[in-house]
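This is what each chain is made of:
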Amino acid sequence: MNTKQSDDQFRLSSLTTRTGDDGTTGLANGQRYSKSHNRFEALGAVDELNSHLGLLQCAVLELMGSESVYCVFLNDLQHQLFELGSELALPEKSFIKEEHIQGLEAWTAHFLYFVEPLKEFILPGGHAGAAQAHIARTVCRRAERCVVRLHEMEPQSLPMRQYLNRLSDTLFAFARFINQEALMPDTLWQPQQKAGVPPKHK
């Protein structure tokens, strides 16, 4: 029996290790840091973003169907974010490449082709999928800030930083595209909008 192969096969079967009870956690290369370290802030934000993309995929699945190319698109993003997290967990490795960035730019252009050019800021909302895409966009911005903060301490790859910057743009364009597909117009921001008056009680 190949013991090593068996150990690798079931390496994620035990979730409770107790090794982090002291407030530290380990990278894939064995180095341990405080759980408050900027690297784990970045990893956590990327993980949170990936979870939001999973929820977004549920909304897109309901709107467009399981055979939609946009479900495949979101699945690809989730895999790429997992690779980005791997790069954060293995600082000596590089997983995000220029081709990933070019792919995001192509998707952004694709979504924008179907929507009217914006003349004013829009409010997050509309279809549930669009609203979820906006949430993912804002979490992506936070993940980018976390990676930049880490970069100021320990240099991070340029493609990884560029990827998160492009991804937030792609998610914004996707949110608008979802509203277009759902026949729900974007809500334009109206400066100095009043709160309004509640209806009178009978």
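What you see is a predicted model; the values in this text were computed from it and never measured.

A.B. asks: How should the packing of aromatic side chains be read in this particular structure?
C.D. replies: The description of two aromatic rings rests on the distance between their centres and on the angle between their planes. This model, assessed by the stated rule, comprises 14 aromatic pairs. When the ring of F73 is compared with that of F111, the centres are 5.4 Å apart and the planes differ by 70°; the resulting orientation is edge-to-face. One end of the pair, F73, is in helix 3 (residues 69-89); the other, F111, is in helix 4 (residues 98-113), with 38 residues separating them in the sequence. Like F111, F73 is buried. Cluster of aromatic residues (ring-pair linked, three or more members): Y70, F73, W107, F111, Y113, F114, F174 and F177.

A.B. asks: Quick question: what am I supposed to make of unusual backbone geometry here?
C.D. replies: Negative phi is the rule for most residues except glycine; trans is the rule for most peptide bonds. Positive phi, close to 60°, is recorded for L183, a residue that is not glycine. Residue placement: L183 occurs in the loop between helix 6 (158-181) and strand 4 (187-188).

A.B. asks: Whenever I open this one, the nonpolar core confuses me. Can you help?
C.D. replies: For soluble globular proteins, the rule of thumb is that nonpolar side chains tend to be buried together. L49, L53, L56, Y163, L164, L167 and F174 are the most contacted members of the largest nonpolar core, which totals 38 residues. Every element with two or more residues in this core is listed here: helix 2 (38-64), helix 3, helix 4, helix 5 (128-153) and helix 6. By residue number, the principal contributor to this core is helix 6, which donates 10 residues.

Parameters and conventions
- Residues numbered from 1 in each chain as written.
- Predicted model: local features only at pLDDT ≥ 70, side-chain atom pairs only at ≥ 80, totals over all residues.
- Heavy atoms only, no water.
- Phe/Tyr/Trp six-rings, centres within 6.5 Å; stacked < 30°, edge-to-face > 60°.
- Helix = DSSP H or I, 4+ residues; strand = E, 2+ residues; numbered from the N terminus.
- Buried < 20%, exposed > 50% of the residue type's maximum accessible area, 1.4 Å probe, protein only.
- Core = buried A, V, L, I, M, F, W, Y, C linked by side-chain atoms within 4.5 Å.

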